[in-house]
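Below are the chains, spelled out letter by letter.
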Amino acid sequence: MIKPYVPNDSWSRKAAKEGFRARSVYKLMEIDERFRLLKPGQTVVDLAAAPGSWLQYVSKRIGPKGLAIGFDLQTITPIAENVRTFEQDITQPEKIDSLLEAQHLPAIDLVLSDIAPSTSGIRDIDQWRSIELNQVVIAIAARWLRPGGYCVLKVFRGADFDAFLREVKADWKNVKIVTPRASRDRSKEVYLVMKKA
Ligand SMILES: C[S@@+](CC[C@H](N)C(=O)[O-])C[C@H]1O[C@@H](n2cnc3c(N)ncnc32)[C@H](O)[C@@H]1O
């Protein structure tokens, strides 16, 4: 049965108690526990990272030898020495490319995206915007990830989801659909975990 929406739910309270900026951290934690994605020393890019709970978690998992780069439309309050953040719209991929080039990064191991479009309230439009944003995420991930690197992205299920999934499966390996426990019961969101060939 669908549960009513409770803004300050147990995941939000847990996040506040554990010092995380958002409840979404528990979605990434569950995905990481299942797929063992994050390791010390890695280089990770988070496209749509504000307020920064995923970056907080990534920072701890990659440790002082790792580096995380986060982008968002919104400013991200500084997190740690091994995290750099930029206020940047990811739908300007040439700007993302030049910011990443300027970091002189080693190979990128993991690209994350928890991107959410500003919602119109019209389900099909919101779902289509989510897919359009994810097409940008995938293009950036395809250019920047090392072979064998992983991409994790959030997408809303709806009329265009199956076609989107087919496109992803044509170009990426080991594509898995995950619904973390912390995703709200009312939500249509799922996460795709995929490996670059
Ligand atoms: C659910 S939040 C991400 C939460 C984040 N994973 C965390 O743990 O703190 C979704 C984010 O997508 C960002 N976003 C939406 N469209 C964007 C765009 N075109 N470029 C960059 N960020 C975008 C929003 O500003 C918002 O901060």
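Residues numbered from 1 in each chain as written. Predicted model: local features only at pLDDT ≥ 70, side-chain atom pairs only at ≥ 80, totals over all residues. Heavy atoms only, no water.

K.L.:
In this structure, what is going on with the site of the ligand? I would like to understand it.
P.N.:
Every one of the 20 residues lining the ligand counts as a neighbour, but Gly52, Ser53, Asp72, Asp89 and Asp114 are closest to it. In the model, an oxygen atom of the ligand is placed 3.3 Å from a nitrogen or oxygen of the Ser24 side chain. The separation between an oxygen atom of the ligand and a polar main-chain atom of Gly52 is 2.9 Å. Across the shell around the ligand, the residue classes tally to 10 nonpolar, six polar and four charged. (Near = heavy atom within 4 Å. Polar contact = N/O pair within 3.5 Å; in protein donor to acceptor, adjacent residues only side chain to side chain. Nonpolar A, V, L, I, M, F, W, Y, C, P; charged D, E, K, R; others polar.)

K.L.:
Would you explain the packing of aromatic side chains in this entry?
P.N.:
The geometry of an aromatic ring pair is captured by two quantities: the separation of the ring centres and the angle between the planes. Tallied over the full model, the rule gives four aromatic pairs. Between Phe20 and Tyr26 the ring centres are 6.2 Å apart and the planes differ by 80°, which places this aromatic pair in the edge-to-face class. The class for Phe20 is buried, based on a relative accessible area of 12%. The exposure class of Tyr26 is buried, given its relative accessible area of 6%. (Phe/Tyr/Trp six-rings, centres within 6.5 Å; stacked < 30°, edge-to-face > 60°. Buried < 20%, exposed > 50% of the residue type's maximum accessible area, 1.4 Å probe, protein only.)

K.L.:
Even after reading the chapter, I still don't get the pattern of salt bridges, so can you show me in this structure?
P.N.:
Between side chains of opposite charge, a pair can form when the charged atoms approach closely. Summed over the entire model, instances satisfying the criterion amount to nine salt bridges. Of the charged contacts in the structure, one is a salt bridge between Lys14 and Glu18, with a shortest N-O distance of 3.1 Å. In this pair, Lys14 and Glu18 are both assigned in helix 1 (residues 10-18), four residues apart and thus about one turn of the helix distant. One salt bridge in this structure joins Glu189 and Lys154, with 3.8 Å as the shortest N-O distance. Of this pair, Glu189 sits in strand 7 (residues 189-196) while Lys154 sits in strand 5 (residues 145-156); the two residues are 35 residues apart in sequence, bridging distant segments of the chain. Taken as a pair, Glu189 and Lys154 share a single burial class, namely buried. (Salt bridge = Lys/Arg side-chain N within 4 Å of Asp/Glu carboxyl O. Helix = DSSP H or I, 4+ residues; strand = E, 2+ residues; numbered from the N terminus.)

K.L.:
Explanation requested: the packing of helix 2 (residues 25-35) against helix 3 (residues 53-62) in the structure shown.
P.N.:
The angle between the axes and the distance between the axes are what describe a pair of packed helices. Contact geometry of helix 2 with helix 3 gives a least axis separation of 8 Å together with a crossing angle of 40°. One element, helix 2, and the other, helix 3, form an angle in the oblique class. As for how helix 2 packs across helix 3, the hand of that crossing is right-handed. Residues Val25, Leu28, Met29 and Asp32 of helix 2 lie in contact with helix 3, whose contacting residues are Ser53, Trp54, Tyr57, Val58 and Arg61. (Axes fitted to C-alpha atoms, helices over the stretch in contact; angles between N-to-C directions. Parallel < 35°, antiparallel > 145°, perpendicular 65-115°, else oblique. Left-handed = near helix turned anticlockwise from the far one by under 90°. Contact = heavy atoms within 4.5 Å.)

K.L.:
Sorry, what's going on with the side chain of Ser53 here?
P.N.:
Residue placement: Ser53 occurs in helix 3. With a relative accessible area of 3%, Ser53 lands in the buried category. Here the side chain of Ser53 touches Ala22 through a polar contact of 3.5 Å, landing on its backbone oxygen. The contact partners of Ser53, leaving out residues within four places of it in the chain, are Phe20, Arg21, Ala22, Ser24 and Val25.

K.L.:
Is there a simple way to think about the environment of Ala170 in this case?
P.N.:
Here Ala170 lies in helix 6 (residues 161-171). Between the alpha carbons of Ala170 and Ala159 there is a distance of 19 Å; along the sequence they are 11 residues apart.

K.L.:
Could you clarify how one ought to interpret the nonpolar core in this entry?
P.N.:
Core analysis: the largest hydrophobic core is formed by 33 residues, its most contacted members being Leu47, Ile90, Leu153, Trp172, Leu192 and Met194. The dominant element in this core, judged by the number of residues it contributes, is helix 5 (residues 123-144), at seven residues. When residues no more than four places from it in sequence are discounted, the contact partners of Leu47 are Phe71, Ile90, Ile96, Val111, Leu112, Ser113, Asp114, Val137 and Ile140. Membership of the second largest hydrophobic core comes to 26 residues, among which are Ala15, Ala49, Val58 and Ile76. (Core = buried A, V, L, I, M, F, W, Y, C linked by side-chain atoms within 4.5 Å.)

K.L.:
Teacher, can you tell me more about the packing of helix 5 against helix 6 here?
P.N.:
It is at 11 Å that the axes of helix 5 and helix 6 come closest, and there the two elements cross at 10°. In this view, helix 5 runs roughly parallel relative to helix 6, as classed from their interaxial angle. Mapping the contact onto sequence places Gln127, Ile131, Asn134, Gln135 and Ile138 in helix 5 and Phe161, Phe164, Glu167 and Val168 in helix 6.

K.L.:
I tried to follow helix 4 (residues 93-102) on my own but got confused; where do I start?
P.N.:
The periodicity of an α-helix, 3.6 residues per turn, causes residues three or four places apart in sequence to face the same way. Three or more residues of helix 4 are buried, namely Ile96, Asp97 and Leu100. Down the axis, helix 4 shows its buried residues gathered within 100° of arc, on one side only. Exposed side of helix 4, more than 90 degrees from the buried face: Glu94 and Glu101 are the residues found there. The secondary structure elements touched by the buried residues of helix 4 are strand 1 (43-47), strand 2 (67-72) and helix 5. Downstream of helix 4 by one or two residues, His104 has phi in the positive range, about 50°. (Arc of directions from axis to C-beta.)

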